[in-house]
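# Examining the three-dimensional arrangement
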Amino acid sequence: MRIEIIHENKEMALPLLALADEPCFIKNYFERGQLFGLYDDELRAVMLVTVENENWLEIQNLAVAEKYQGQGYGSHLVGSFLDTVEHCPHHYKGIRVRTDEFTTHFYEKCGFSAYKRVKNYFPEKYGKPVFDKGCELIDNIYLKVELQ
């Protein structure tokens, strides 16, 4: 298993990114973010990270190919990224992520802590009910890991 920054042909990751976000919203961060790919004989997971205000990194999108979900690839990608950033010569304040109430537990297991909740976010942003694996997404949860 290896993790690489994808510099060229980033568009090949768009189908994976679309598993976690609508294409119309991906375009808002796709070009300004750094794309990481986790490979194990093929691309299995991607994560797109941006630098935001006040020197915070933000995970804009994390997606695992459907046939590999639940096998630890997402956790490995996030964990490796956290380890790398902590030893980075550039000092970031931390890493943030915004997600739904069902994915919050995944990020908490990766060391993130919730600090904000936006009620009724998904229906208002998308203008319609939004479902993921049969569950309606309602609130947006903000989580973070502060770096030393």
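Everything numeric here is computed off the predicted structure, so don't read it as measured data.

## Points about the pattern of salt bridges
- The tally for this structure, following the rule as stated, stands at eight salt bridges.
- A salt bridge links Lys119 to Asp139, with the nearest nitrogen and oxygen atoms 3.9 Å apart. A residue pair is termed long-range when its members are at least 10 positions apart, and Lys119 in the loop between β6 (113-118) and α5 (121-126) and Asp139 in the loop between β8 (135-137) and β9 (140-146) qualify at 20 residues.
- Judged by its relative accessible area of 57%, Lys119 falls in the exposed class.
- Judged by relative accessible area, which is 6%, Asp139 ranks as buried.

## So, the confidence of the model for the protein
- Mean pLDDT over the protein stands at 92; residues scoring 70 or higher make up 99%.
- When the elements of the protein are averaged for pLDDT, strand β7 (residues 130-132) gives the smallest value, 87, and β6 the largest, 97.

## Regarding the sheet that holds β9
- Here seven strands make up an open sheet; going across it, the order is β1-β2-β3-β4-β5-β9-β6 and the pairing mixed. A strand with exactly one partner marks an edge of an open sheet, and here the two such strands are β1 (2-6) and β6. Neighbour-to-neighbour, the strand axes of this sheet turn through a mean angle of 25 degrees, independent of strand direction.
- Bridge count between strand β3 (residues 43-52) and strand β4 (residues 56-64): eight bridges; the pairing is antiparallel. Note on β4: the bridge partner recorded for Leu48 is Asn61.

## Regarding the nonpolar core
- Counting 40 residues, the largest nonpolar core has Met47, Ile59 and Phe112 as its most contacted members.
- Contributions of two or more residues to this core are made by α1 (14-17), β2 (34-39), β3, β4, α3 (73-86), β5 (94-100) and β9.
- Not counting chain neighbours up to four residues away, the residues in contact with Ile59 comprise Met47, Leu48, Val49, Ile95, Arg96, Val97, Tyr107 and Phe112.
- Grouped together as the second largest cluster of nonpolar side chains are six residues, Tyr121, Tyr126, Val130 and Leu137 included.

## Points about the packing of aromatic side chains
- Evaluation of the coordinates by the stated rule reveals eight aromatic pairs.
- Ring centres of Phe25 and Tyr126 lie 5.0 Å apart, and the angle between their planes is 85 degrees; this geometry places the pair in the edge-to-face category. On the criterion of sequence distance, the pair formed by Phe25 in helix α2 (residues 23-26) and Tyr126 in helix α5 is long-range, its members being 101 residues apart. With respect to burial, Phe25 and Tyr126 carry one shared label: buried.
- Taking 5.0 Å as the distance between ring centres and 90 degrees as the angle between the ring planes, the aromatic pair formed by Tyr121 and Phe122 counts as edge-to-face.
- The exposure class assigned to Tyr121 is buried, which follows from its relative accessible area of 18%.
- Each residue in the set Phe25, Tyr121, Phe122 and Tyr126 is aromatic and connected to the rest through ring pairs, giving one cluster.
- The aromatic ring of Phe30 is capped on one face by Lys10, whose charged end is 5.0 Å from the ring centroid.
- Stacked on the ring of Tyr68, the Lys or Arg Arg44 has its end atom at 3.9 Å from the ring centre.

Reading guide: rules and limits
Residue numbers here run from 1 along each chain, matching the order of that chain's written sequence. At least 70 in pLDDT is required for a residue's local features to be given in this predicted model, at least 80 for side-chain atom pairs to be given and counted, and no such filter applies to totals for whole chains, interfaces and linings, which use all residues. Side-chain metrics rest on all non-hydrogen atoms present in the structure, leaving aside hydrogens and water. What counts as a salt bridge is simple: a side-chain nitrogen of Lys or Arg found within 4 Å of a carboxyl oxygen of Asp or Glu. The helix count covers DSSP runs of H or I at least four residues long, the strand count covers runs of E at least two residues long, and both are numbered beginning at the N terminus. Only protein chains enter the calculation, and the probe is 1.4 Å; a residue is then buried if its accessible area is under 20% of its type maximum, exposed if over 50%, and partly exposed in between. For every residue, the predictor assigns a confidence score, pLDDT, that lies between 0 and 100. Strands pair, by our definition, only if DSSP identifies at least two bridges between them. Only C-alpha atoms enter the line fits that serve as axes; for helices the fit covers just the stretch in contact. Angles between N-to-C directions range over 0 to 180 degrees. Here, nonpolar core refers to any group of buried Ala, Val, Leu, Ile, Met, Phe, Trp, Tyr and Cys residues whose side-chain atoms link them within 4.5 Å. We call two residues contacting when some pair of their heavy atoms lies within 4.5 Å. Only centres within 6.5 Å qualify two rings of Phe, Tyr or Trp (six-membered ring in Trp) as a pair; their planes then separate them into stacked at under 30 degrees, edge-to-face at over 60, and tilted for everything else. Only when the NZ atom of a Lys or the CZ atom of an Arg is both within 6 Å of the ring centre and within 35 degrees of the ring normal do we say a charge sits over the ring.

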